[in-house]
Amino acid sequence: MKRMFPFILALLLLAACGAEPAEATPTPVLTTPTPAPMPSASPLPDYIPPMDFEPVSVWQAEPFGADGYALLYLGGETDGAIPFKVFSVGKTYWYWNDGVGSVRSLDCRSFSGNFSAGDGCYTFEAACDTGSDERYSKYLMEAACVGEVSGSADIAGNVLTMSYTSASPYVEGTIMEADLDSAAPHVKCRWNEDDPDPFELYLPYSFTKMPEEQLGSAMYQMPAFVEEIGAGGFRGIDVGSSLIDILSRVPRNDEHSYLDGLRSDALSIYGAGAMNWFSTLITPDTDGAYVVSVQAFDIISYRLDEDFRVESVEYYQQTFRDAET
């Protein structure tokens, strides 16, 4: 399996285009190992990410902020209230003391609430999801800017528009500057008066309804989120799944693939830059086998056998500062 990264990269491009991979053609050069044929992709099973309601539709955000994209799931309306959950992805930057240099990272967060019927539109109050994971909550205390947002929403046919009127920080005492009325609603946070590294977070606001048949497959276009890793089996990937199964359920995203600080023998699917808690990489193990690591605060590691199928799955808990494991 050595020297296989160019071959895997080609397969990544095929997976991104939805093409079926062709079997590798044996080379006539006797001194070069013949690559194992790549298994074909299994049919994508229906998949709904963890949430507290049964969704009836999924909506895709228009591009926003720094290469941001998002999905919004809507539940059925009950007594004038519609539950929703947003999964949002974007780039974030920490600025150095000179205000010019920055460290790129990937921000994957979700927030949920209800759209409540009002006078001609819906209003909402939504909170960032943390679940019951105390370790992740400690991480958010220093890494999360927004804890809650509120505003109004308009649903007109296949277009849903969210307007934000207020945002509050996750941790009391965070200094927040909010620009919610602009064409690109966002907030900037500092953790104290002397903090030289502001954190910028852009919010999705315009969504288009996706076809009904894509409800069970829309999440496959997104990076991994914290609640997905904590839920156990990730997107139906398990022992026996192929590399193509993984790549079709965690797609490559060049805009969110950061090569800075990445080891030379690793291939980034997305993320993996400095200070990045959200990423997926392919790396060779010490014995030459390949490992696919999916990180969303915690890490799921898939070890591949010589036929590029998952032979073992391991789960690693991350710690943040003095958090208990």
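Structure: above.
Residues numbered from 1 in each chain as written. Predicted model: local features only at pLDDT ≥ 70, side-chain atom pairs only at ≥ 80, totals over all residues. Heavy atoms only, no water.

**Student:** So what about the packing of aromatic side chains? Which residues, and what values?
**Tutor:** Taken as a whole and assessed by the stated rule, the structure comprises 9 aromatic pairs. Both rings, one in Phe84 and one in Phe124, keep their centres 5.9 Å apart while their planes meet at 85 degrees; by these two values the pair is edge-to-face. One end of the pair, Phe84, is in strand S3 (residues 81-95); the other, Phe124, is in strand S5 (residues 122-128), with 40 residues separating them in the sequence. Overall, Phe84 belongs to the buried group, its relative accessible area being 0%. Measuring from ring centre to ring centre gives 5.8 Å for Phe115 and Phe124, while their planes differ by 85 degrees; the resulting arrangement is edge-to-face. When its relative accessible area of 3% is taken as the criterion, Phe124 is described as buried. A network of ring pairs unites the aromatic residues Phe84, Phe115, Tyr122, Phe124 and Tyr164 as a single cluster. (Phe/Tyr/Trp six-rings, centres within 6.5 Å; stacked < 30°, edge-to-face > 60°. Helix = DSSP H or I, 4+ residues; strand = E, 2+ residues; numbered from the N terminus. Buried < 20%, exposed > 50% of the residue type's maximum accessible area, 1.4 Å probe, protein only.)

**Student:** Summarise the pattern of salt bridges; cite the residues concerned and give the values.
**Tutor:** Applying the stated criterion across every chain yields a total of 8 salt bridges. The residue Glu200 makes a salt bridge to Lys188 at a minimum N-O spacing of 3.7 Å. One end of the pair, Glu200, is in strand S10 (residues 199-202); the other, Lys188, is in strand S9 (residues 186-190), and 12 residues separate them in sequence. Residue classification places Glu200 among the buried residues on the basis of a relative accessible area of 16%. Overall, the relative accessible area of 25% leaves Lys188 in the partly exposed class. Two residues, Arg235 and Glu228, come together in a salt bridge whose shortest N-O distance is 2.8 Å. (Salt bridge = Lys/Arg side-chain N within 4 Å of Asp/Glu carboxyl O.)

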